[in-house]
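# Geometric and topological summary
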There are 2 protein chains.
Amino acid sequence: MQEKQSSSQMQKNINHLIANIDEVELSDLAELFKVFGDSTRIRILADLFQGEKNVTEICDDLQMNQSAVSHQLKILKVSRLIKSRREGKAMIYSLADDHVKTIMAMGIEHIEE
Amino acid sequence: MQEKQSSSQMQKNINHLIANIDEVELSDLAELFKVFGDSTRIRILADLFQGEKNVTEICDDLQMNQSAVSHQLKILKVSRLIKSRREGKAMIYSLADDHVKTIMAMGIEHIEE
DNA sequence: CATTCATATGAATATATTATCATATGTTTG
DNA sequence: CAAACATATGATAATATATTCATATGAATG
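Residues numbered from 1 in each chain as written. Chains lettered and ligands numbered in written order. Predicted model: local features only at pLDDT ≥ 70, side-chain atom pairs only at ≥ 80, totals over all residues. Heavy atoms only, no water.

### Observations concerning the side chain of Lys53 of chain A
All names here are of chain A. Mapped onto the secondary structure, Lys53 falls in strand E1 (residues 53–54). We classify Lys53 as buried; its relative accessible area is 11%. In terms of polar contacts, Lys53 uses its side chain to reach the side chain of Gln50, at 2.6 Å. (Helix = DSSP H or I, 4+ residues; strand = E, 2+ residues; numbered from the N terminus. Buried < 20%, exposed > 50% of the residue type's maximum accessible area, 1.4 Å probe, protein only. Polar contact = N/O pair within 3.5 Å; in protein donor to acceptor, adjacent residues only side chain to side chain.)

Below, the structure written as structure tokens:
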């Protein structure tokens, strides 16, 4: 039976959850944030907030060379932050899910204080 | 006058907010995530979820040398993710605010899928 | 006030990461 | 099916980052 929790109760659970997280998960967590921690990659993510785009469009938007962009797209893809599909010659990239949005929104809140 | 928003409406605003974020803020955002993106630093943060601790305690918990820990504490401090106060000879560190918790919780949600 | 304890810091080394260049792969089209 | 277009990839060089070592700073205490 799932009881609804008060906000402060939920906060306590988060504390407990994180305080007791194992080393492997912490390492995965660091890896995840490392992916967000590069300005090329975060610019790609922000760009994809406008909607799905192919590689050429992303290069144009960021004013960066295609190879550099492709390398970073691969890292974002492996980390499951973006997904892709082929459309003819082009590869169309888009954000993988809403976690990307939430994580970035939290980050923005922090820096805007 | 502040109107309450539906969840989907809020999501749209976040999209718009991030899609139109300027280069400087994106760069700051990358810097912020870079701080989370190191396993020593994230282990320190997780350690501090148990409550405030001095440097020696953190070193013991992480089984790491004092200098390495101090260097990383400084980075966390400058990024305003932790705060410190002196207590006699010791320096007591603690998490700066709830954003750290929220950001890490979002990250954990992502990797646990 | 000299010593000890706790922490911080600078320099150096080791390691990791990114962008670039050259080229390969995959897809369409004449 | 050869050429053109779109993207991916491997190697390399440039740069950034973390840890270690040695030492400095700062506070308590006999």
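Read on, since the account is not over.
### A closer look at the relation of the copies chain A and chain B
Mapping chain A onto chain B calls for a screw motion: a turn of 180° about the axis and a shift of 0.0 Å along it, with 0.0 Å RMSD after fitting. The two molecules are tied by a two-fold rotation axis, judged by turn and shift. A high fraction, 100%, of the interface residues of chain A reappear at the interface in chain B, so the copies pair face to face through one surface. (Least-squares fit on C-alpha atoms with pLDDT ≥ 70 in both. Contact = heavy atoms within 4.5 Å.)

### Notes on helix H2 (residues 23–36) of chain A
A rise of 1.5 Å per residue sets the reference length of H2 of chain A, with its 14 residues, at 20 Å; its end C-alpha atoms lie 20 Å apart and thus fit the reference within 8%. Within the span of H2 of chain A, buried status applies to Leu26, Leu29, Ala30, Leu32, Phe33, Val35 and Phe36 of chain A. Those residues of H2 of chain A hidden inside the fold are in contact with helix H3 (39–48), helix H5 (66–78) and helix H6 (98–111) of chain A together with helix H2 (23–36), helix H3 (39–48) and helix H6 (98–111) of chain B. Two or three places before Val24 of chain A, at the opening of H2 of chain A, Asp22 of chain A has a side-chain oxygen 3.0 Å from that residue's backbone nitrogen. (Expected span 1.5 Å × (residues − 1).)

### Looking at the sheet that holds E1 of chain A
By definition, the strands of a sheet pair up through backbone hydrogen bonds, in either a parallel or an antiparallel sense. All names here are of chain A. The strand order across the open sheet formed by three strands is E1-E3-E2, and the pairing between neighbours is antiparallel. One side of each edge strand has no neighbouring strand; the edge strands of this open sheet are E1 and strand E2 (82–87). Pairing geometry for E2 and strand E3 (residues 90–95), over six bridges, is antiparallel. Looking at the pairing, Lys83 lines up with Ser94 of E3. This element, H5, spans E2 and E3 of the sheet and lies at about 120° to E2. (Pairing = 2+ DSSP bridges. Axes fitted to C-alpha atoms, helices over the stretch in contact; angles between N-to-C directions.)

### A closer look at the packing of aromatic side chains
Applying the stated criterion across every chain yields a total of three aromatic pairs over all chains. Here the aromatic rings of Phe33 of chain A and Phe36 of chain B are separated by 5.1 Å at their centres, their planes lie at 45°, and the arrangement is tilted. Placement of Phe33 of chain A in helix H2 and of Phe36 of chain B in helix H2 is noted, with the two residues assigned to different chains. Residues Phe33 of chain A and Phe36 of chain B agree in their burial class; the two are buried. (Phe/Tyr/Trp six-rings, centres within 6.5 Å; stacked < 30°, edge-to-face > 60°.)

### A few points about the protein's contact with DNA strand D
Near DNA strand D lie 26 residues; those nearest to it are Thr56, Ser67 and Tyr93 of chain A together with Thr40 and Ser67 of chain B. When the atoms of DNA strand D within 4 Å of the protein are grouped by moiety, sugar and phosphate amount to 62% of the total. Contact between DNA strand D and His71 of chain A: a base oxygen at 2.8 Å from a side-chain N or O atom of the residue. For DNA strand D, a base nitrogen lies 2.5 Å from a polar atom in the side chain of Ser67 of chain B. Sorting the residues of the surface near DNA strand D by element identifies helix H4 (55–62), H5 and E3 of chain A together with H3 and helix H5 (66–78) of chain B as the ones contributing at least two each. (Near = heavy atom within 4 Å.)

### Points about the pattern of salt bridges
Residue and element names in this part refer to chain B. On inspection of all chains with the given rule, the structure shows 14 salt bridges over all chains. Of the charged contacts, one joins Lys53 and Asp47 as a salt bridge, the two residues approaching to 3.2 Å between their closest N and O atoms. Asp98 is the partner of Lys101 in a salt bridge, and the nearest nitrogen-oxygen pair spans 3.9 Å. Here the residue Lys101 and the residue Asp98 both occupy positions in helix H6, the gap between them amounting to three residues, near one helical turn. (Salt bridge = Lys/Arg side-chain N within 4 Å of Asp/Glu carboxyl O.)

### Observations regarding the sheet that holds strand E1 (residues 53–54) of chain B
Residues and elements named next belong to chain B. Ordered by their spatial adjacency, three strands build an open sheet running E1-E3-E2, and the pairing between neighbours is antiparallel. Strands with a single pairing partner mark the edges of an open sheet, and in this sheet they are E1 and strand E2 (82–87). Relative to strand E3 (residues 90–95), E1 runs antiparallel, the two being bridged by two bridges. When the sheet's bridge partners are listed, Asn54 is paired in E3 with Ile92. Sitting on the sheet, H3 touches E1, E2 and E3, and the angle it makes with E3 is about 90°.

### Examining the domain arrangement of chain A
Residue and element names in this part refer to chain A. Segmenting chain A into domains produces domain 1 (1–35) and domain 2 (39–113). Taking only C-alpha atoms, the centre of domain 1 and the centre of domain 2 are 26 Å apart. Across the boundary between the two partners, domain 1 contributes four residues, which contact six residues of domain 2. Interface area for domain 1 against domain 2, summed over the two sides, is near 380 Å², with a carbon-plus-sulfur share of 73%. (Domains from an automatic or database assignment. Buried area = accessible area lost by both parts, 1.4 Å probe.)

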